[in-house]
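Observations on the three-dimensional arrangement
Okay, here's what each chain looks like letter by letter:
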Amino acid sequence: MIGVFAVIDVTVAVLREPAWAIALPFLQLFACAGAFMALTLGRCLYDALRLPKNGITVMAELDHYTDKTKVYRYVDQDGGLHFYRESTGGQQLELSYDPRNPGRASARQALYGQVMMALMAVVGLGMACGGLGFTGFRIFLALRG
């Protein structure tokens, strides 16, 4: 990905305007950050909506604390021990996990949390599309002459 962006940046700078060689990498970093946001939050939202309905729900016990999060432990249906990090919660936390992949779990999310994840995923998607769209527009102008 970095190589493709570098080729685009050099092409735009050589064929059109050298100033875009400085500006385009920032727009591309913006797009990559947006794509990361959209993918990460989208996956978390997907898990928060799907796992309580299709997964196995257990009560996880507080195991220990790290610097900023609590680490909960839970046992899957085959007896395997797994850990889940969450910044909120008490001594117990209701988790739902995927029976095919017991390490993939999600804590029960309030509607407000789900809406905020969806909004931030959409913002990330907008950042990604905007940055990539502007990059595509600049390369189109450069190649057009």
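Note that the coordinates shown come from a computational prediction; the quantities given were computed from them, not determined experimentally.

Attention shifts here to the pattern of salt bridges. Going through the model one piece at a time under the given rule, you end up with five salt bridges. As a salt-bridge pair, Arg104 and Asp47 come within 2.9 Å of each other at their nearest N and O atoms. On the criterion of sequence distance, the pair formed by Arg104 in strand 5 (residues 101–107) and Asp47 in helix 2 (residues 20–54) is long-range, its members being 57 residues apart. Residue class for Asp47 comes out buried when judged on its relative accessible area of 6%. What emerges from the salt-bridge pattern is a single network uniting Arg50, Asp98 and Arg100.

What follows covers helix 1 (residues 2–15). Along its 14 residues, helix 1 runs 20 Å from first to last C-alpha, staying within 8% of the 20 Å computed at 1.5 Å per residue. If you check which residues of helix 1 are buried, you get Phe5, Ile8, Asp9, Val12 and Ala13. Buried residues of helix 1 fall within an arc of 125° about the axis and therefore sit on the same side. Away from the buried face of helix 1 by more than 90 degrees, exposed residues Val7, Val10 and Val14 are located.

This next bit is on the environment of Phe140. By the element assignment, Phe140 lies in helix 3 (residues 111–144). For Phe140, a relative accessible area of 47% corresponds to the partly exposed category. Along the chain, Phe140 and Val12 lie 128 residues apart, while their C-alpha atoms are 8.9 Å from each other.

Criteria and thresholds
Residues numbered from 1 in each chain as written. Predicted model: local features only at pLDDT ≥ 70, side-chain atom pairs only at ≥ 80, totals over all residues. Heavy atoms only, no water. Salt bridge = Lys/Arg side-chain N within 4 Å of Asp/Glu carboxyl O. Helix = DSSP H or I, 4+ residues; strand = E, 2+ residues; numbered from the N terminus. Buried < 20%, exposed > 50% of the residue type's maximum accessible area, 1.4 Å probe, protein only. Expected span 1.5 Å × (residues − 1). Arc of directions from axis to C-beta.

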